[in-house]
Amino acid sequence: MSVTEFLSMAKESQYNILEIYKNAPEESLIALGIIVLFVLVIYFLIRRSMKVNSAIKLVDKIQDCQSYDEYNQKITALVDELPKRGLKVADVLNASKDHILFRTSKLLANMSIGEKIEKYLEISDKYSKLANGSKKYKNQELTEFYECKSCELLDVNLAEEIAYYYENVYFTENEVENVNAIVKYANSLDKPESIITPMLRTMNKFSYGYNIDLYKFIEKLDEKESKQVFENCSLKMEELFTSGEKEVSINILDYLLEKEEKLKVYDYISTLKLAPYLQQLHDLYFNKKDDLDLDLAFIANTTEIESSYKVYLDEKLTENWRNPEYIEFISKSPGVLDVLGHMEYRTLIQRMDNIKVETENRKMVEEALAIAKRAESIALEAKSLNKRPVIIPTSVPAQK
């Protein structure tokens, strides 16, 4: 049956599907298949058109994102859509690429440097995928833009952000996480020194001895997380406290005394060679903190300053002349011999020996008295036993 005859027959049957199928079953199936195929093609084209339009709208929406999370969600979707939605989407993206990049910088502007490092790495990865997804459309401008910006975001933009951070930040304990993030990122590069070296150079311009906030920042550093920064600052602090040529501010010394890190203060004061500063610390601390070890740290220092160490020692020894442990502790402290002189020092040792002898004698007398009292007690007990009457039992009469 020809197509004309089939259409004529369908018209005569008033397009009754059952009647048509009865008169021409094969032609009906063919016609139905063609209709279904036509419908499917139309559906596919409409659906594809809708997805293309959706992808185009997605490009427009990225430019208007108000938060980074929204931006990241949409650009991630675009990375998936671009290779599948055709040249039109690529052309729209090419026209909007600069606006999208500008929106990126706006969304990152107020983040901490630690957050910026994380986000720049994410965006760089997304841009690299957009470049790969656009290659099939032969749009060289679009591909080269995203290939270039993927690297530029890290090599230029992020590098500038990091430099601005360490050149302007005031290092406090709240900045430790940010510094750790920079160190981690820098160590992921082929040349970590390109970031670490200038950052340490800037950090070393600060006064380690007079900046209490920097001191607390260094306390929070971790060798594993901070690595090069930790090593640099640890060396600086060691030099500060052990060289004898550096001033450590009163604020830091008070902070250590309050934290019960007193030994660090004692060692610093006992080895300080700067006479003017040692004099200042002496006037502030010596015999004013009720801390014998702190006072003895000044006495141990051989640097010449105006002091009354001998008067101090005489008073302390007089107040505690019956305490052999106290006297022995002072006598063995560095610098005490030089202050007292050999004659008085020998007198001090003799006094300590005499106290020990007196103490031993007292113990012997106390032990002898204790033994005597015990013997007297035993004698009295024995005497009382001898005075007790002897009771002789009477004979019991025999029972009948």
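Scroll up to find the structure.
Before going into details, it helps to say that this report is about the structure given with it. (Residues numbered from 1 in each chain as written. Predicted model: local features only at pLDDT ≥ 70, side-chain atom pairs only at ≥ 80, totals over all residues. Heavy atoms only, no water.)

Some remarks on the overall build of the protein
- When helices and strands are tallied, the protein shows 19 helices and 0 strands.
- Looking at the protein residue by residue over its 400 residues, the buried ones come to 37%.
- In the protein, of all internal contacts separated by at least 6 residues, the share reaching a separation of at least 24 is 66%.
- Here the protein displays about 25,400 Å² of accessible surface, and carbon together with sulfur accounts for 54% of that area. (Helix = DSSP H or I, 4+ residues; strand = E, 2+ residues; numbered from the N terminus. Buried < 20%, exposed > 50% of the residue type's maximum accessible area, 1.4 Å probe, protein only. Contact = heavy atoms within 4.5 Å. Areas by Shrake-Rupley, 256 points an atom, 1.4 Å probe, with all protein chains shown as cover.)

Focus: the environment of D222
- Checked against the element boundaries, D222 lands in the loop between α10 (212-220) and α11 (223-226).
- It is 8.7 Å that separates the C-alpha atoms of D222 and N180, two residues lying 42 residues apart in sequence.
- Ignoring sequence-local partners within four residues, the contact set of D222 consists of K227 and F230.
- Of note is the side chain of D222, whose polar atom sits 3.0 Å from the backbone nitrogen of E225. (Polar contact = N/O pair within 3.5 Å; in protein donor to acceptor, adjacent residues only side chain to side chain.)

So, the packing of helix α7 (residues 140-168) against helix α9 (residues 193-203)
- With their axes 9 Å apart at the nearest point, α7 and α9 run at an angle of 15° to one another. With respect to their mutual orientation, α7 and α9 come out roughly parallel. The hand of the α7/α9 crossing is right-handed. Here I162, Y166 and E167 of α7 come into contact with α9, specifically with I195, P198, M199 and T202.
- Tallied by class, the residues present in the contact of α7 with α9 amount to 5 nonpolar, 1 polar and 1 charged. (Axes fitted to C-alpha atoms, helices over the stretch in contact; angles between N-to-C directions. Parallel < 35°, antiparallel > 145°, perpendicular 65-115°, else oblique. Left-handed = near helix turned anticlockwise from the far one by under 90°. Nonpolar A, V, L, I, M, F, W, Y, C, P; charged D, E, K, R; others polar.)

Focus on the pattern of salt bridges
- Summed over all chains, the structure comprises 13 salt bridges.
- Two residues, K116 and E161, come together in a salt bridge whose shortest N-O distance is 2.9 Å. Placement of the pair is K116 in helix α6 (residues 113-134) and E161 in helix α7, with a sequence separation of 45 residues.
- K262 is paired through a salt bridge with D291; the nearest N and O atoms lie 4.0 Å apart. You can see K262 sitting in helix α14 (residues 262-271) and its partner D291 sitting in the loop between α15 (275-285) and α16 (292-300), a full 29 residues away along the chain.
- On the accessibility criterion, D291 (11% relative accessible area) is buried.
- Through salt bridges with shared partners, a single ionic network connects E219, K259 and E261. (Salt bridge = Lys/Arg side-chain N within 4 Å of Asp/Glu carboxyl O.)

Some thoughts on α15
- If you check which residues of α15 are buried, you get Y277, L278, Q279, L281, H282 and Y285.
- Looking at the buried positions of α15, the neighbouring elements they touch are α13 (250-258), α14, α16 and α17 (309-319).
- Downstream of α15 by a residue or two, N287 has a phi angle that is positive, lying close to 60°.

Some details on the nonpolar core
- The biggest cluster of nonpolar side chains holds 92 residues, and the ones touching the most others in it are Y71 and Y127.
- A total of 10 residues in this core trace back to one element, the largest contributor, which is α7.
- Look past the residues within four positions of Y127 in its chain and what remains in contact with it is Y71, I75, I100, L101, T104, Y146, K149, S150 and L153. (Core = buried A, V, L, I, M, F, W, Y, C linked by side-chain atoms within 4.5 Å.)

Quick look at the side chain of K149
- As for its position among the elements, K149 is in helix α7.
- By relative accessible area, K149 is classed as buried at 17%.
- Polar side-chain contacts of K149 include one of 2.9 Å to the side chain of E152.
- Discounting residues that sit within four places of it in the chain, K149 has contacts with L101 and Y127.

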